[in-house]
Amino acid sequence: MLYYITGGERSGKSNYAQNLALELSDSPTYLATSRIWDGNHQKRIDRHIADRDDRWISIEEEKELSKVIKKDSVVVIDCVTLWLTNFFVDTKNDIDLSLELAKTEFEKLTHSKATIIIISNEIGMGVHAATEIGRKFTELQGWMNQHIAKKADEAILMISGIPVKIK
């Protein structure tokens, strides 16, 4: 089963995903995709970890998500945006190569015998990016979001803390 949860910043995506995971499992896995960029980012990560209780298994993996997912587990992947950022930076902002690499890894995820709850961001609904790199990344994010949503069994759009089922 693949759940896709998307929305804007602070829309309630992570909270919704975590509550769903706890409904589905007594010991879900939280798979963080973020690199630690600086001290402030580390503090944010530490706060997220502290928010989860001892029922959670926490794993960090920047790109090869399928390698750390166990059969029959319930996994929250947080989030597509940071995961794509890792590909985008590593390919020196090559949209096509980043998309190809992310889609290849995502296909591996769809074959894992696990329940996946994947969180993303609708960054294209916000302010138009001021830089060319920002606009390129917004395109990458939009294309990957479409790809994931198309394959998802359920898709939820979070708006102001309210889940709206879109698929």
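For the structure given in this document, a descriptive report is provided here. Model, not experiment: these values are computed from the prediction.

Conventions we followed
- Each chain has its residues counted from 1, running along the sequence as written.
- Local features in a predicted model are, by the rule used here, given only for residues with pLDDT of at least 70; side-chain atom pairs are given and counted only at 80 or more, and totals for whole chains, interfaces and linings are based on all residues.
- The side-chain quantities take in all heavy atoms of the structure and omit both hydrogens and water.
- Labels follow the DSSP assignment, with helices taken as runs of H or I lasting at least four residues and strands as runs of E lasting at least two, numbered in each case from the N terminus.
- The globule rule used for comparison is 2.2 Å times the number of residues to the exponent 0.38, while the radius of gyration itself is calculated over C-alpha atoms.
- Here, a salt bridge means any Lys or Arg side-chain nitrogen found within 4 Å of an Asp or Glu carboxyl oxygen.
- When a residue's accessible area, from a 1.4 Å probe over protein chains only, is under 20% of the maximum for its type it is buried; when over 50% it is exposed; and in between it is partly exposed.
- What makes a nonpolar core is a set of buried Ala, Val, Leu, Ile, Met, Phe, Trp, Tyr and Cys residues whose side-chain atoms join them at distances within 4.5 Å.
- Residues are treated as being in contact if the distance between any of their heavy atoms lies within 4.5 Å.
- Exposure above 30% relative accessible area and no salt bridge define the residues that can form patches, which grow by joining like charges within 9 Å and nonpolar side chains of Val, Leu, Ile, Met, Phe, Trp and Tyr within 5 Å.
- Where accessible areas are quoted, they stem from the Shrake-Rupley method and a 1.4 Å probe; at the residue level, only the protein chains shown are allowed to cover.

Quick look at the overall build of the protein chain now. Counting its secondary structure elements, the protein chain contains 5 helices and 7 strands. Counting helices and strands in the order they occur from the N terminus, the protein chain gives β-α-β-α-β-β-α-α-β-α-β-β. What you see for the protein chain is a C-alpha radius of gyration of 15 Å, in line with the 15 Å of a compact globule of 167 residues. Principal axes of the C-alpha set define a box for the protein chain whose edges measure 45 × 35 × 30 Å.

This part covers the pattern of salt bridges. For the coordinates displayed, the defined rule picks out 5 salt bridges. A salt bridge links Lys67 to Glu64, with the shortest nitrogen-to-oxygen separation between them at 2.7 Å. The class for Lys67 is exposed, based on a relative accessible area of 62%. Here Glu64 falls in the partly exposed class, since its relative accessible area comes to 36%. Among the salt bridges present, the one from Glu107 reaches Lys151, with a minimum N-O distance of 3.5 Å. Separated by 44 residues along the polypeptide, Glu107 in helix 4 (residues 95–110) and Lys151 in helix 5 (residues 132–151) bring together distant segments of the chain. For Lys151, a relative accessible area of 40% translates into the label partly exposed.

All right, on to the nonpolar core then. Taken as a class, soluble globular proteins show a tendency for nonpolar side chains to be buried jointly. Core analysis: the biggest nonpolar cluster contains 26 residues, and Ile69, Ile77, Trp83, Phe106, Ile116, Ile118 and Met144 have the highest contact counts within it. Looking at this core, the elements that each hand over two or more residues are strand 1 (2–7), strand 4 (74–78), helix 3 (80–90), helix 4, strand 5 (115–119) and helix 5. With near-sequence residues (within four places) excluded, Trp83 lies in contact with Thr33, Glu62, Lys63, Leu65, Ala102, Glu105, Phe106 and Met144.

Moving on, we come to a nonpolar patch on the surface. A grouping of Ile159, Ile162, Val164 and Ile166 is seen on the molecular surface, where their side chains present a nonpolar patch of about 350 Å² in accessible area. By the secondary structure assignment, Val164 is in strand 7 (residues 162–165).

A separate point is the environment of Val89. In this fold, Val89 is placed in helix 3. The exposure class assigned to Val89 is partly exposed, which follows from its relative accessible area of 39%. C-alpha of Val89 to C-alpha of His41: the two residues are 48 residues apart in sequence and 17 Å apart in space. Once residues within four sequence positions are removed from consideration, Val89 is found in contact with Arg35 and Trp37.

Moving on, we come to unusual backbone geometry. Residues Asp78 and Cys79 are joined by a peptide bond in cis, for which omega reads 5°. In this fold, Cys79 is placed in the loop between strand 4 and helix 3. Phi at Arg10 takes a positive value of approximately 60°, unusual for a residue other than glycine. Accessibility expressed as a relative area gives 59% for Arg10, which makes it exposed. At Asn93, a position not held by glycine, the phi torsion is positive, near 70°. Structurally, Asn93 is set in the loop between helix 3 and helix 4.

Taken by themselves, the reported measurements are silent on function.
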